[in-house]
Amino acid sequence: MVQNSQRNITMLMDLYELTMSNGYFSDTYTDEQVVFDVFYRKNPDNAGFSIFAGLEQVIEYIENLHFDEEEIAYLRSLQIFKEEFLTYLSTYQFRGHIEALPEGTIMYPHEPILTVTASIIDAQLIETAVLTILNHQCLIATKAQRIVKAAAGRGVADFGARRAHNVDAAVYGARAAYIGGVASTATVLAGQMFSIPVSGTMAHSWVMYYGDEYEAFKQFASVYPDATILLVDTYDVLHSGIPNAIKLAKEVLIPQGKRLQGVRLDSGDLAYLSQKVRVMLDEAGLSDCKIMASNSLDEYTIRSILQQGGAIDGFGVGERLITAKSDPVFGCVYKMASVKRNGQWEPRIKVSESIEKITNPGRKALYRVYDAKGFAIADLIALADETVSMSAPYRYIHPQKPWKEMYFENCTVKRLQVPVIDGGKRVYPKQSLTDIRKFVQHQIEHEIWREEQRFENPHIHYLDMSPSYYAMKMNLLDKVDKH
């Protein structure tokens, strides 16, 4: 559940990572330097962008990477590894270099979001764990941002733990959801670990235990007079739940100088019921009482409820957030981009009959290009060692229109990846979750085009190339084709 010295997840890897590393070791390629890129090919839900999340857990994993005696004994029992290789693993430490987007960066398909430069064994052994961490948290953070956007300023709470795929999915899903903009979580462990605000009221079982709904409400208010939020749909919202909530407010809370903070709807036609409930509360002098809603919500149901005039002040979102139910696979991949031979870096490319699966080869730098108003108009891949300057009109290659003369004019540019691990040691300062969340929100409000934020048919954010990088890629494809 928690990546620390008491929990070693080094063995979270596919067997082929070990068998190939054993082979490299046998061929004395232990120190051969390579570059691997992590990227993804498609935004979930056909969205215009995704959110980079999970970097902190990747760093923690790398820092704690080691093989204990128990792991070595298990590998020995498989009888497929040389003893010399097992001895090598017994003192193993990752010594490579990793660059990545700062956590919370808005990102797009086919661009390198994390790059590993390391020995072939170092780079190979971390593949599965890195992908596991990033695929999960990028997915949930992206889904959360969509749900928060649909709520249009109303608070959203993560209610998903009990429907998550396991304990880690619940806890780190809550972390990712908070990065994506969710205001709080019901998962207490996530609150403890990551200082996420926690929220929650009561379950139907509270009402059912006391038998009488009013008595159940009264008991709850006696324990939490300053934070009374009542679940009003156990029996009948309009004929029982809300009348009893109003009675409690008038007979118990108001005489104490307290106010009923809210009611929660967890079933039925939420748009219709919330409008009726709002009228009943207002007529009873409880216009300050908030209406919360839950029950299989996502960005589409929330948007529909609000379009129908739903009078809801906040949403609790569970299974469709924590599992990203509408599109539950993110799809980060880990592909070799370059190999160092005889002191020179040689680019590598994966070619496929599916054009979208052809990789961007070589050592590269990723830039974001901004217009004069500060909005991101494109991302740009260049060679790792070339200079990219927008002090004059900058010619670039649009991969879908390589024949056109195209220029960025009156623009600025920022290199996106930053060092996070150097020589196996953290060089990226630990970020507070609140700061990561604010970083996401700043980009959404001030850098990302509104057209890219549409749920349907969002504007495409293009990944362009410098002329030098494009020429290198085309030359490599030409060589591959001739083979």
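Just so we're clear, the structure is a prediction, and the values are computed from it rather than from any experiment.

Draft legend 1. View of the sheet that holds strand β6 (residues 155-158). The six strands are arranged β7-β6-β11-β10-β9-β8 in an open sheet whose pairing can be described as parallel. The strands lining the two open edges of the sheet, one partner per strand, are β7 (184-185) and β8 (229-231). Where β8 lies against strand β9 (residues 262-265), three bridges are found, and the strand directions are parallel. Bridge assignment links Ile229 to a residue of β9, and that residue is Gly262.

Draft legend 2. Expanded view of the pattern of salt bridges. According to the stated counting rule, one finds 25 salt bridges in the structure shown. For Lys364, the salt bridge goes to Asp37, with nearest N and O atoms at 2.4 Å. Highlighted residues: Lys364 in strand β14 (residues 364-370) and Asp37 in strand β1 (residues 33-39), separated in sequence by 327 residues. For Asp37, a relative accessible area of 5% corresponds to the buried category. We note a salt bridge from Glu56 to Lys430, for which the minimum N-O separation is 4.0 Å. A residue pair is termed long-range when its members are at least 10 positions apart, and Glu56 in helix α2 (residues 55-63) and Lys430 in the loop between β20 (425-426) and α15 (433-446) qualify at 374 residues.

Draft legend 3. Structural view of the UniProt feature "domain: Nicotinate phosphoribosyltransferase C-terminal" (unreviewed entry) in the protein. This chain's UniProt record puts "domain: Nicotinate phosphoribosyltransferase C-terminal" (unreviewed entry) on residues 363-473. Secondary structure across residues 363-473 comprises 19% helix and 32% strand; the distance between its end C-alpha atoms is 11 Å.

Draft legend 4. View of the packing of helix α6 (residues 127-151) against helix α7 (residues 167-179). At a minimum axis separation of 7 Å, α6 and α7 run at an interaxial angle of 50 degrees. Regarding the angle of α6 to α7, the classification is oblique. Where α6 crosses over α7, the handedness of that crossing is right-handed. Judged by residue contacts, His136, Gln137, Ile140, Ala141 and Ala144 of α6 engage Asp168, Ala169, Tyr172, Gly173, Arg175, Ala176, Ala177 and Ile179 from α7. Per-class residue counts for the contact of α6 with α7 are eight nonpolar, three polar and two charged.

Draft legend 5. Representation of the sheet that holds strand β18 (residues 412-415) within the structure. The strand order β18-β14-β15-β21 describes an open sheet built from four strands, whose pairing is mixed. Edge positions in the sheet fall to β18 and β21 (463-465), since each has one partner strand and no second. Neighbour to neighbour, the strand axes of the sheet diverge by 35 degrees on average, direction disregarded. Alignment of β14 against strand β15 (residues 376-383), held across seven bridges, turns out to be antiparallel. Each residue of the ladder has a partner; that of Tyr370, found in β15, is Ala376.

Draft legend 6. Representation of the UniProt feature "domain: Nicotinate/nicotinamide phosphoribosyltransferase" (unreviewed entry) in the protein. Within the UniProt annotation, "domain: Nicotinate/nicotinamide phosphoribosyltransferase" (unreviewed entry) is assigned to residues 156-346. In this annotation, residues 156-346 is assigned 43% helix and 17% strand; the end-to-end C-alpha distance for the span is 49 Å.

Draft legend 7. Structural context of the packing of α6 against helix α13 (residues 299-307). Two elements in contact, α6 and α13, have axes whose closest approach is 8 Å; the angle formed by their N-to-C orientations is 0 degrees. Considered as vectors, α6 and α13 are oriented roughly parallel to each other. Contacts between α6 and α13 involve Lys143, Arg146, Ile147, Ala150 and Ala151 from the first element and Glu299, Tyr300, Ile302, Arg303 and Leu306 from the second. The class makeup of the residues in the contact of α6 with α13 is six nonpolar, no polar and four charged.

Draft legend 8. Here's a closer look at α13. Of all the residues in α13, the buried ones are Glu299, Ile302, Ile305 and Leu306. Projected down its long axis, α13 shows its buried positions confined to an angular sector of 130 degrees, all on one face. Buried residues belonging to α13 abut α6, α12 (270-283) and β11 (314-317). For α13, the N-terminal cap is Asp298; the gap from its side-chain oxygen to the backbone nitrogen of Tyr300 is 3.0 Å.

Draft legend 9. Representation of the nonpolar core within the structure. Grouped together as the largest cluster of nonpolar side chains are 130 residues, with contacts concentrated most on Leu89, Phe94, Leu114, Val116, Ile126 and Val263. Considering every element that reaches this core, the biggest residue donor is α6, with 13 residues. Taken together, domain 1 (15-123 + 328-481) and domain 2 (142-323) each give at least three residues to this core, which thus spans both. In contact with Val116, other than residues within four places in its own chain, are Val34, Val35, Phe36, Phe94, His97, Ile98, Ala123, Ile126 and Tyr334. Core analysis: the second largest hydrophobic core is formed by 13 residues, Ala378, Leu380, Tyr394 and Met406 among them.

Draft legend 10. The arrangement of the side chain of Glu111 in detail. Residue placement: Glu111 occurs in the loop between β4 (106-107) and β5 (114-119). Judged by relative accessible area, Glu111 falls into the buried class, the value being 0%. When neighbours within four sequence positions are excluded, Glu111 is seen to be in contact with Val38, Phe39, Leu366, Arg368, Asp379 and Leu463.

Reading the values: rules and limits
- Residues numbered from 1 in each chain as written.
- Predicted model: local features only at pLDDT ≥ 70, side-chain atom pairs only at ≥ 80, totals over all residues.
- Heavy atoms only, no water.
- Pairing = 2+ DSSP bridges.
- Helix = DSSP H or I, 4+ residues; strand = E, 2+ residues; numbered from the N terminus.
- Salt bridge = Lys/Arg side-chain N within 4 Å of Asp/Glu carboxyl O.
- Buried < 20%, exposed > 50% of the residue type's maximum accessible area, 1.4 Å probe, protein only.
- UniProt positions renumbered as here; feature names shortened; annotations may be inferred.
- Axes fitted to C-alpha atoms, helices over the stretch in contact; angles between N-to-C directions.
- Parallel < 35°, antiparallel > 145°, perpendicular 65-115°, else oblique.
- Left-handed = near helix turned anticlockwise from the far one by under 90°.
- Contact = heavy atoms within 4.5 Å.
- Nonpolar A, V, L, I, M, F, W, Y, C, P; charged D, E, K, R; others polar.
- Arc of directions from axis to C-beta.
- Polar contact = N/O pair within 3.5 Å; in protein donor to acceptor, adjacent residues only side chain to side chain.
- Core = buried A, V, L, I, M, F, W, Y, C linked by side-chain atoms within 4.5 Å.
- Domains from an automatic or database assignment.

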